[in-house]
Amino acid sequence: MTTGPGNGANGSSNTLKSQFDGIIKDPANSLYSIRPNSARPSRKSTSSPISSTDHLDDETKSNAELEEINSRYSRIARFKKILQATNVDLNDLKRLAWSGIPEELRPMSWQLLLGYLPTNAERRVSTLARKRKEYLDGVSQAFSSGLDQVMWHQISIDVPRTNPHIKLYGFESTQRALERILYLWAIRHPASGYVQGINDLVTPFFQTFLSAYIDGDPETCDPGTLPKSVLDVVEADSFWCLTKLLDGIQDNYIHAQPGIQRQVAELRDLTQRIDAQLFKHLQEENVEFMQFSFRWMNCLLMREVSVKNTIRMWDTYLAEGSDGFSKFHVYVCAAFLVKWSPAILRMDFQEVMMFLQALPTKDWDEKNIELLLSEAFMWQSLFKNASAHLR
Amino acid sequence: MSLDAKIVLLGSQGVGKTSFVVRYVRNTFQQGNASTIGASFLAKKVMIDDYVVRLQIWDTAGQERFRSMAPMYYRSATCGILCYDITSEASFKAMHSWLLELKENVDSGLMIHIVGTKLDLVNADPSKREVPFETCVAYASKYLSSGGEDGFDGSEACHEISAKDDEGVEEVFEVITRKLIEKRRMIEDNYQEQQARRQTIYVHNDEPEVKSGCC
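Residues numbered from 1 in each chain as written. Chains lettered and ligands numbered in written order. Predicted model: local features only at pLDDT ≥ 70, side-chain atom pairs only at ≥ 80, totals over all residues. Heavy atoms only, no water.

In the annotation of an unreviewed UniProt entry, the entry for chain B reads Rab family GTPase YPT52, and the organism field reads Sugiyamaella lignohabitans.

Under an unreviewed UniProt entry, the name given to chain A is Gyp1p, and the source organism is Sugiyamaella lignohabitans.

Structure (structure tokens):
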């Protein structure tokens, strides 16, 4: 490819989509402008980004690349068919989404799967307008009365250390938006309040929804350069979707974190059945499951894999339905743990702990995640609802 | 000779527990570490005198919500390090509840040290200090001396450090390690002494028995 602008690294390659106004009103408006060959280069690709989206440089494309574009096109077409219906069939959408959602269709698909965006096309525009106004009103109310100083302190010291390696999260406008989202959520959920790790969970939403309005990688985008109308909706949608997500895993964050206690116990149980040798070794070395997997549950493995990989995981979690984040996640953790079994079996307590805290997943791409998800699916099919009589 | 020491770090959110221990173990510093969830584990091997000491350090999460997990880490500890930020009086006050919790749940043999962090901020701007070192020393003298040692001077257990400028970090662990070795030696000496005494008592006790059998 010779047409790349070659400035992908400095962040200035992100441009606002011309039809942003329409997308703000109704995300379905983004569907018309998706072209199969406007694929953003995958992050593994070493070639420069395709800048001219309207013509294919056939000579420089291999058959494999063309095939990939073709399969992408038919996949997008299938999604579009579902998303453009007057009444979106969520079951159809889930079936497709399980294997991953094309990134252009992800913002709208996620909002539907979370039950934030109405499935009925006629209700979309008014619902979105109302929810976004509700959020903005909520924020101005929360910040006009006296702040809960303890809560605010906790949030304001965590926001600057959220995804510190990604440019997007270093920008002023991102940090202020995350503060507002987290603070409003926290004061509206006093039983849990702000718990460390929730700051991680908001980021897949924030960058996915941001991606709806720009061309280029959201991780290098400075939202401060975008119109306020765009920023406001990205923020409001992130808030509501975070709220929906946390509704499903509330007991992870209330006093004594019973949800996490349960999931860690389930992981222990599953590991014993899937890989007895590993289980025995961990026991002999006095490694407690709580010591390494608490974080896996509290942050949904976000400290173990990149945000981009997390986003791919969430396609599947959302397709799994209401307990994707609480039940299916445990199977994913089990598949994740036994993956390292050969290495762990050779280690003593100290080595196991160090290893499990810094797993070699830096180079993981979508393929690794998809393998993990399919392994988790297999364990789930084998063991779901079987726990009682197998014990 | 070798010695295993389990150290647990406790203290409020954001005082810099992770920065402190990462500076010690890896000699690096990074502004804005991601928050610690649950606890993280670090290890370091040091040689002092003729002892090889394996330090196993649990760096716990500071947030209140994770507090119910803390006993898992401090119960088996040989030393607790309570951390506060010298530019935050609130973090110093919050330390007290950790101390009370330790005293209530761990036997009195647990060694406790207090570390004030972010000394670099105060070096750059002295007006930022909210907790004078003397306050910490007075606190330590009052609350840490109940172990029964005579003439306990709180300053022995108080430190101020900067992870950023690498100031005082090494020293904290050296002091603790030396104390642990000292303690081990005392226990070993005691043991040998006791063994010796036990034998003496044995001999001593034998006599009346023999006598009573005789009468």
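**What about the packing of helix α5 (residues 121-144) of chain A against helix α9 (residues 228-248) of chain A?**
All names here are of chain A. It is the contact of α5 with α9, at a shortest axis distance of 9 Å, that shows an interaxial angle of 90 degrees. As judged from the angle between their axes, α5 and α9 are roughly perpendicular. Between α5, through L128, K131, R132, E134, Y135 and L136, and α9, the contact on the second element is made entirely by D232, V233, E235, A236, D237, F239 and W240. Here the contact of α5 with α9 is composed, by residue class, of seven nonpolar, no polar and six charged. (Axes fitted to C-alpha atoms, helices over the stretch in contact; angles between N-to-C directions. Helix = DSSP H or I, 4+ residues; strand = E, 2+ residues; numbered from the N terminus. Parallel < 35°, antiparallel > 145°, perpendicular 65-115°, else oblique. Contact = heavy atoms within 4.5 Å. Nonpolar A, V, L, I, M, F, W, Y, C, P; charged D, E, K, R; others polar.)

**Let's talk about the interface of chain A and chain B**
Each side of the interface is counted separately: chain A has 29 residues, and chain B has 26 residues. When the two sides are added together, the surface that chain A and chain B hide from each other amounts to roughly 2400 Å², 54% of it contributed by carbon and sulfur. It is R161(A), Q196(A) and Q350(A) in chain A that bury the most area against chain B; as a group they hold 26% of the surface buried on that side. On the surface where chain A and chain B come into contact, there are zero salt bridges. At the junction of chain A with chain B, the criterion picks out eleven residue pairs in polar contact (both at pLDDT 80 or more). Where the side of chain A that touches chain B is concerned, the elements lending two or more residues are α6 (149-158), α12 (289-298) and α16 (349-357) of chain A. Its residues assigned to classes, the side of chain A that touches chain B comprises 14 nonpolar, eleven polar and four charged. (Buried area = accessible area lost by both parts, 1.4 Å probe. Salt bridge = Lys/Arg side-chain N within 4 Å of Asp/Glu carboxyl O. Polar contact = N/O pair within 3.5 Å; in protein donor to acceptor, adjacent residues only side chain to side chain.)

**Re the packing of aromatic side chains**
Per the stated rule, a full pass over the model turns up 32 aromatic pairs over all chains. When the centroid spacing of 5.9 Å and the interplanar angle of 80 degrees are considered together, the rings of W340(A) and F355(A) count as edge-to-face. Placement of the pair is W340(A) in the loop between α14 (324-339) and α15 (341-344) and F355(A) in helix α16, with a sequence separation of 15 residues. No difference in accessibility class separates W340(A) from F355(A), as the two residues are buried. What links up through ring pairs into an aromatic cluster is the set W98(A), W110(A), F205(A), F209(A), W314(A), Y317(A), F325(A), F328(A) and F377(A). We note K44(B) situated over the ring of Y24(B); from NZ or CZ to the ring centre the distance is 4.4 Å. The lysine or arginine in question, R67(B), covers the ring of W98(B), its NZ or CZ lying 3.7 Å from the ring centre. (Phe/Tyr/Trp six-rings, centres within 6.5 Å; stacked < 30°, edge-to-face > 60°. Buried < 20%, exposed > 50% of the residue type's maximum accessible area, 1.4 Å probe, protein only. Lys NZ or Arg CZ within 6 Å of the ring centre and 35° of its normal.)

**Looking at the state of the cysteines**
The tally for this structure, following the rule as stated, stands at zero disulfides over all chains. C79(B) provides the cysteine sulfur closest to C83(B), a residue in no disulfide bond, and the two sulfurs are 10 Å apart. (Disulfide = S-S within 2.5 Å.)

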